[in-house]
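# Observations on the three-dimensional arrangement
Read off the chains here:
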Amino acid sequence: PTSQQDVEKWVKGVCRYCGTGCGVLAGVNKGKIVAVKGDPDCAVNKGKLCVKGILLPKIMDAKDRLLHPLIKKNGQFVRASWDEALDLVAAKFKEAIAQYGPDSVGYYGSGQNTAEEAYIANKLFKGCIGTNNIDGNPRTCMASAVAGYVSTFGKDEPMGTYADIEKADVFFIIGSNMAEAHPIIYSRIVDRKNSDPNVKVIVADPRRTRTADIADILLQFIPGTDLALLNSMAYVLIEEDLIDKDFVAKHTNFMQGEKKITFEEYKAFLADYSPEKVAEITGLAADQIRTVARLFGAKGKNTMSLWTMGLNQRIRGTWANNLVHNLHLLTGKICKPGNTPFSLTGQPSACGSIREVGALSHLLPAHRVVTNPQHREEVAKVWGVDPAKMSPKPGYHTIELFRAAADGKLKVLWVICTNPGQSIPNLELYRKGMEKTFLVVSEAYHPTRTSELADVVLPSALWMEKEGIYGNGERRTQHIAKAVEPPGEAKPDVWHLMEVAKRLGFGNLFAYKDNEEIWEEYRKLTIGTKMDLPPYARLRKEHGLTWPVPDPNGPDTYIRYAAPWDPFVKKEEGIKFYGKPDGRAVIFARPHANPQEMPDSEYPFFLSTGRILEHWHTTTMTMNVPEIKRAMPEMYVEINAADAEKLGIKDGDYVKVVSRRGQCRLKAKINGRGQPRPGMVWVPFHDTEISRMINFVTIDAFDDTSKQPEYKICAVRIEKA
Ligand code: SF4
């Protein structure tokens, strides 16, 4: 963005965007961030950044930065003082709690919050107010990965790290367009492939994406049939004796639902998933499935699976995650360098600030759960609150939270650092809910599609205008230093929360001197949980550490559950999945099942949505970067060329995408960077223009276990517009 000669000092931080967690150095001149470069000492990116990362300075001085609090009066936003705005927020909370009880209020946070912010919100709502109505946008992007890890291994988050990429020989990428959504991780796979001609890349996705550019095999299956595909791969692994019998006998159990089954029963379950039968379900060739299973299970080769929203955003998301884990457990390709199932994360601190802090409606810090009385006791002790005041029942998860607002049950909702007015599926219904409730929004920008619905908007400090901790997708905890002052009267979200806490009468529990004190209180809750986090002082100095770090001065952990890497596993045990009472992971018999909505004569196409390289989420940041805005000013719908011809649609024509819930008007893209298979259309979810916001069309059905909505599949029709 500017000449490096203009830089007075470089300050260490982490990229503000995706869950890759690239380390950055921000160049400061005269109190402004004028340049960003990749941190060469950060193991994640070793100095590289993608287009979004390198243009980060431009998100700071945007013309829509909110500089002071706003209160809506007679339908108009009016400038207010901090005291006036915070007093009003506290009064509304008090009024609702007194009249309708603590469950009449709620909080919706973000995987972009710092860990300190999420920790304080969790303590305020769960510990002080006494409601578990605190959820966040990671519910919509990776709750199924959480439920998958917990049900299979007993503990959340991956066993491996990104360092496995350089050790893997076979990459199985399913439901992830890493080339655009996680470009730096993808670049490491490209480098690995270029370094060794024997490395194989398998990409499984109903849409041909840029990620498939390096694929040796592309499996373009019918949307929603990946459970059948994964079971079929397990079938071939067993049929062709590619499983590791010793590993399976020592380290796994087989389960069907809640029932323990034998290997023979599991094998009988798989009888319905021969490649020949599954070829019909998936639209693939039986030989393709066999080839892929053989590559996956090849003896002496290291295999790494990577996935993200394609598996997670589904009503069978948890099961899909279980089935990828199955393949690694059957072959013993797990807990060894280069061998790991690895769920990628979408946001910079979805792991660090939500999964680890426990800022979801069923969780408490360090992977504890609200339903466990001992967990509540342990947390209450550190928080200095009465455990009897903490609710034992999970609060509203995301869809329930916004439904409660629409039903009039949720009287006050505080949204921090996220934009549900654009990002929630079946949006029409839930935007009405946001209008109905007393909505408080803490935001760096205004207006957004959420802040426009608010009653009070509080100006937030952004990124390196505040100190904080982020935790990326590989268990890496990283520190962001404050580099510049926030503009106008903007303040860190942690300050917003603590000021309201004081006004609600809990000031004594939030008298922290600085972020380090907040972190060290939180860290106490991680000690002895096998999620032990490192001290703040170390994080300030070092370039990220992967937990557990049980010795505050000792090394971090490369691979969990396995000696010699995991400090909690004895050498003689070799491998121990200690999240499970018997130390064994579970291989689940999970059947294929259709998505919630299948195409029919009225709505004949599958719709799927996703990210593109240039933009991020609801584009409050990226549309403020002129270079990015020029490159991709408007979203579109990708249509398969054969379908487009049948419908008489040409590239660039405007079409309507219509579902049972709503519609969008978008430009048709044919043979572009992404090519959906016939019978499917695909839309990037980034557009902020109401007529192009695809979440008016998507479905709000959700996974029974993870409660994650099925953004990835619904039925639509295409009309010429
Ligand atoms: Fe930022 Fe992700 Fe790009 Fe890295 S890959 S620079 S974390 S957006």
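All values reported here derive from a predicted model rather than from experimental measurement. (Residues numbered from 1 in each chain as written. Predicted model: local features only at pLDDT ≥ 70, side-chain atom pairs only at ≥ 80, totals over all residues.)

## Some remarks on the overall build of the protein chain
Heads up, the rule is: The secondary structure listing takes helices from DSSP runs of H or I that are at least 4 residues long and strands from runs of E that are at least 2 residues long, numbered from the N terminus. What counts as a contact here is a pair of residues whose C-beta atoms, placed from the backbone, lie within 7 Å.
Helix and strand counts for the protein chain stand at 23 helices and 31 strands. Structurally, the protein chain occupies a C-alpha span of about 70 × 65 × 60 Å along its principal axes. The long-range fraction of contacts in the protein chain, counting pairs at least 24 apart against all pairs at least 6 apart in sequence, stands at 72%.

## Overview of the nonpolar core
Threshold: In this description, a nonpolar core means buried residues of the types Ala, Val, Leu, Ile, Met, Phe, Trp, Tyr and Cys, linked to one another by C-beta atoms lying within 7 Å. Here exposure depends only on C-beta density: within 10 Å of a residue's C-beta, 20 or more other C-beta atoms make it buried, 12 or fewer make it exposed, and intermediate numbers make it partly exposed, the C-beta atoms being placed from the backbone.
Of all hydrophobic cores here, the largest spans 221 residues; its most connected members are Phe-171, Met-233, Val-657, Val-681, Val-683 and Val-716. Leave out the neighbours within four places in its chain, and Met-233 touches Ile-289, Val-292, Ala-293, Phe-296 and Leu-327.

## Some details on the domain arrangement of the protein chain
The line we're drawing: For every domain, the bounds stem from an assignment made automatically or drawn from a database. Residues are grouped as follows: nonpolar covers Ala, Val, Leu, Ile, Met, Phe, Trp, Tyr, Cys and Pro; charged covers Asp, Glu, Lys and Arg; every other residue, Gly included, is treated as polar.
Per the domain assignment, the segments making up the protein chain are domain 1 (4–59), domain 2 (70–134 + 352–510), domain 3 (142–346) and domain 4 (605–720). Computed over C-alpha atoms, the centres of domain 2 and domain 3 are 36 Å apart. On the side of domain 3, nine residues touch domain 2, which itself brings five residues to the contact. When its residues are assigned to classes, the side of domain 2 that touches domain 3 shows no nonpolar, two polar and three charged.

## What about the site of the ligand?
The condition that has to hold: Throughout this description, a residue near a molecule or strand is one whose C-beta atom, derived from the backbone, lies within 6 Å of it.
Taken together, 14 residues sit near the ligand, with Cys-15, Cys-18, Cys-22, Cys-50 and Gly-53 positioned nearest. Listing elements by their share of the shell around the ligand, those giving two or more residues are helix 1 (51–54) and helix 6 (183–195). Class assignment for the residues of the shell around the ligand results in eight nonpolar, five polar and one charged.

## Topic: helix 20 (residues 515–526)
We apply this condition: One less than the residue count of a helix, multiplied by 1.5 Å, gives the span that helix is expected to have.
Under the 1.5 Å per step criterion, the end-to-end length of helix 20 is 17 Å for 12 residues, consistent within 8% with the ideal 16 Å. At its buried positions, helix 20 is contacted by helix 3 (115–129), helix 15 (373–383), strand 21 (468–471) and helix 21 (536–541). Positive phi shows up at Gly-528, right after helix 20, with a value of about 85°.

## Considerations on the packing of helix 4 (residues 138–153) against helix 13 (residues 317–331)
Selection criterion: Fitted lines through C-alpha atoms serve as axes, helices being fitted only where they are in contact, and the angles separating the N-to-C directions of these axes extend from 0 to 180 degrees. An angle below 35 degrees is read as roughly parallel, one above 145 as roughly antiparallel, one from 65 to 115 as roughly perpendicular, and any other as oblique. Crossing handedness is defined as follows: a turn of the near helix away from the far one that is anticlockwise and smaller than a right angle gives a left-handed crossing, while the clockwise case is right-handed.
Look at helix 4 against helix 13: their axes get within 8 Å of each other, and the N-to-C directions meet at 50°. In terms of orientation, helix 4 and helix 13 fall into the oblique class. By crossing handedness, the relation of helix 4 to helix 13 is classed as right-handed. From helix 4, Ser-144, Ala-145, Ala-147, Gly-148, Ser-151 and Thr-152 reach across to helix 13, where they touch Gly-317, Thr-318, Asn-321, Asn-322 and His-325. Along the lines of polarity and charge, the residues of the contact of helix 4 with helix 13 split into two nonpolar, nine polar and no charged.

## Side note on the sheet that holds strand 1 (residues 9–14)
Rule in force here: Here, a strand pair is defined by DSSP locating no fewer than two bridges between the strands.
One open sheet holds the three strands; their spatial order is 1-2-3, and the pairing between them is antiparallel. The open sheet has two edge strands, strand 1 and strand 3 (32–38), and neither has a second partner. Averaged over all pairs of adjacent strands, the angle between their axes in this sheet comes to 35°, without regard to strand direction.

## A few points about the environment of Tyr-235
Counting through the fold element by element, Tyr-235 comes out in helix 7 (residues 226–239). For Tyr-235, the residues in contact, after removing those within four places along its chain, are Leu-270, Tyr-273 and Ser-274.

## Some points on the pairing of strand 12 (residues 252–256)
One ladder, built from four bridges, connects strand 12 with strand 24 (residues 585–588); its direction is parallel. Looking at the pairing, Phe-254 lines up with Ile-587 of strand 24. Where strand 12 lies against strand 13 (residues 259–261), three bridges are found, and the strand directions are antiparallel. Following the sheet pairing, Met-255 is matched in strand 13 by Lys-260.

## Section: the environment of Met-531
Turning to its location among the elements, Met-531 is positioned in the loop between helix 20 and helix 21. Residue Met-531 is classed as buried on the basis of its C-beta count, with 23 C-beta atoms lying within 10 Å. Between the C-alpha atoms of Met-531 and Gly-579, which are 48 residues apart in sequence, the distance is 11 Å. The contact partners of Met-531, leaving out residues within four places of it in the chain, are Glu-356, Ala-366, His-367, Thr-526, Trp-547 and Pro-548.

## Looking at the UniProt feature "domain: 4Fe-4S Mo/W bis-MGD-type" (unreviewed entry) in the protein chain
Our working rule: UniProt positions are given in the numbering used here, feature names are shortened, and annotations may be inferred rather than shown by experiment.
Under the UniProt annotation, "domain: 4Fe-4S Mo/W bis-MGD-type" (unreviewed entry) lies at residues 8–64. With 7% helix and 35% strand, residues 8–64 has end C-alpha atoms that lie 27 Å from one another.

## Topic: the environment of Pro-626
Its location among the elements puts Pro-626 in helix 22 (residues 626–631). Judged by the 10 C-beta atoms lying within 10 Å of it, Pro-626 falls in the exposed class. Residues Pro-626 and Leu-230, 396 residues apart in the sequence, show an inter-C-alpha distance of 43 Å.

## Quick word on the sheet that holds strand 22 (residues 476–480)
Taken together, the three strands give an open sheet; going across it, the order is 21-22-23, and neighbouring strands pair in antiparallel fashion. Looking at strand neighbours, the two that pair on one side only are strand 21 and strand 23 (545–546), the edges of this open sheet. Bridging between strand 22 and strand 23 involves two bridges; their strand directions are antiparallel. Note on strand 23: the bridge partner recorded for Arg-476 is Thr-546.

## Observations concerning the confidence of the model for the protein chain
As a reminder, the rule being used: pLDDT runs from 0 to 100 and stands for how confident the predictor is about each residue.
Predicted confidence across the protein chain gives a mean pLDDT of 97, with 99% of residues reaching 70 or more. Interface confidence for the predicted complex, given as ipTM, is 1.00, next to a pTM of 0.97.

## Quick word on the packing of helix 16 (residues 398–406) against helix 18 (residues 427–436)
Closest axis-to-axis distance for the helix 16/helix 18 pair is 7 Å, and the angle between their directions is 60°. Considering their axes alone, helix 16 and helix 18 lie oblique with respect to each other. As for the relative orientation of helix 16 and helix 18, their crossing is left-handed in sense. On helix 18, the residues that touch Phe-402, Arg-403, Ala-405 and Ala-406 of helix 16 are Leu-429, Tyr-430, Lys-432, Gly-433, Met-434 and Lys-436.

## Some remarks on helix 16
In terms of burial, helix 16 is largely enclosed, as seven of its nine residues are buried. Every buried residue of helix 16 is listed here: Thr-398, Ile-399, Glu-400, Leu-401, Phe-402, Ala-404 and Ala-405. Contact partners of the buried residues in helix 16: strand 6 (105–109), strand 7 (134–136), helix 4, strand 18 (412–416), helix 17 (420–423) and helix 18. Of the residues one or two after helix 16, Gly-408 is the one with positive phi, at around 85°.

## Quick word on unusual backbone geometry
Trans is the common state for peptide bonds, and a negative phi is the common state for residues other than glycine. Note that the residue after His-446, namely Pro-447, is joined by a cis bond; omega there is 0°. As for its position among the elements, Pro-447 is in the loop between strand 19 (438–443) and strand 20 (456–459). Look at the link from Ala-563 to Pro-564: it is a cis peptide, with omega at 5°. Looking at where Pro-564 falls in the secondary structure, it is placed in the loop between strand 23 and strand 24. Its identity is not glycine, yet Glu-157 carries a phi of approximately 85°, on the positive side. Along the chain, Glu-157 turns up in the loop between helix 4 and strand 8 (170–174). Among the residues examined, Glu-157 registers 22 C-beta atoms within 10 Å and is labelled buried.

## A few points about the pairing of strand 28 (residues 663–670)
Note that strand 26 (residues 636–639) and strand 28 share four bridges and pair parallel. The partner of Tyr-636 across the bridge, within strand 28, is Lys-667. Where strand 27 (residues 654–658) and strand 28 come together, five bridges link them in antiparallel fashion. By the bridge assignment for strand 28, Val-655 is matched with Leu-666.

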